[in-house]
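# Summary of structural features
Given next are the chains, with one letter for each unit.
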Amino acid sequence: MLVELRLENYAVIDNLAIEFAPGLNLLTGETGAGKSILIDALALLLGDKASPDVIRTGADRALISAVFEVESGAEKIVGF
C-alpha cells in the first residue's frame, strides 16, 4: 500500500508531501490542478522512463520518493 509520496522540483511542484490513509483515497480537482503530475511521478517510481523535461524550471534536479507498506507490516522506501 502506498503510504506517502514526496515530490521536490518536479514539473510545476516546488515541494510536496502527501500521506495516504488506509482504504480508498481519491484525487480530485479542477483541470490543471496537478492530478496527472502525481500519477506520472508515481509511474516513474514504478519503472517508467524519465526525461529531464520533468525537472522544475530553474532547478538542477528533481526528487521523487515514496513509502510503501508491504504485507508483513514493514515499510519500503523507494526514491528516484
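Residues numbered from 1 in each chain as written. Predicted model: local features only at pLDDT ≥ 70, side-chain atom pairs only at ≥ 80, totals over all residues. Heavy atoms only, no water.

## Comments concerning the side chain of Glu 4
- On the secondary structure map, Glu 4 appears in strand E1 (residues 2-10).
- Taking relative accessible area as the criterion, Glu 4 reaches 16% and is therefore assigned buried.
- Looking at Glu 4, its side chain comes within polar contact range of the side chain of Arg 6, at 2.9 Å. (Helix = DSSP H or I, 4+ residues; strand = E, 2+ residues; numbered from the N terminus. Buried < 20%, exposed > 50% of the residue type's maximum accessible area, 1.4 Å probe, protein only. Polar contact = N/O pair within 3.5 Å; in protein donor to acceptor, adjacent residues only side chain to side chain.)

## Some remarks on unusual backbone geometry
- The phi dihedral of Asn 9 falls on the positive side, at around 55°, and the residue is not glycine.
- Within the secondary structure layout, Asn 9 lies in strand E1.
- At Ala 11, a residue that is not glycine, the phi angle is positive and equals roughly 55°.
- The residue Ala 11 is located in the loop between E1 and strand E2 (13-19) in this model.

## Considering the side chain of Asn 9
- By relative accessible area, which is 16% here, Asn 9 ends up buried.
- Beyond its immediate chain neighbours, meaning those up to four positions away, Asn 9 contacts Asp 14, Val 54, Ile 55, Arg 56, Ala 59, Arg 61 and Ala 62. (Contact = heavy atoms within 4.5 Å.)

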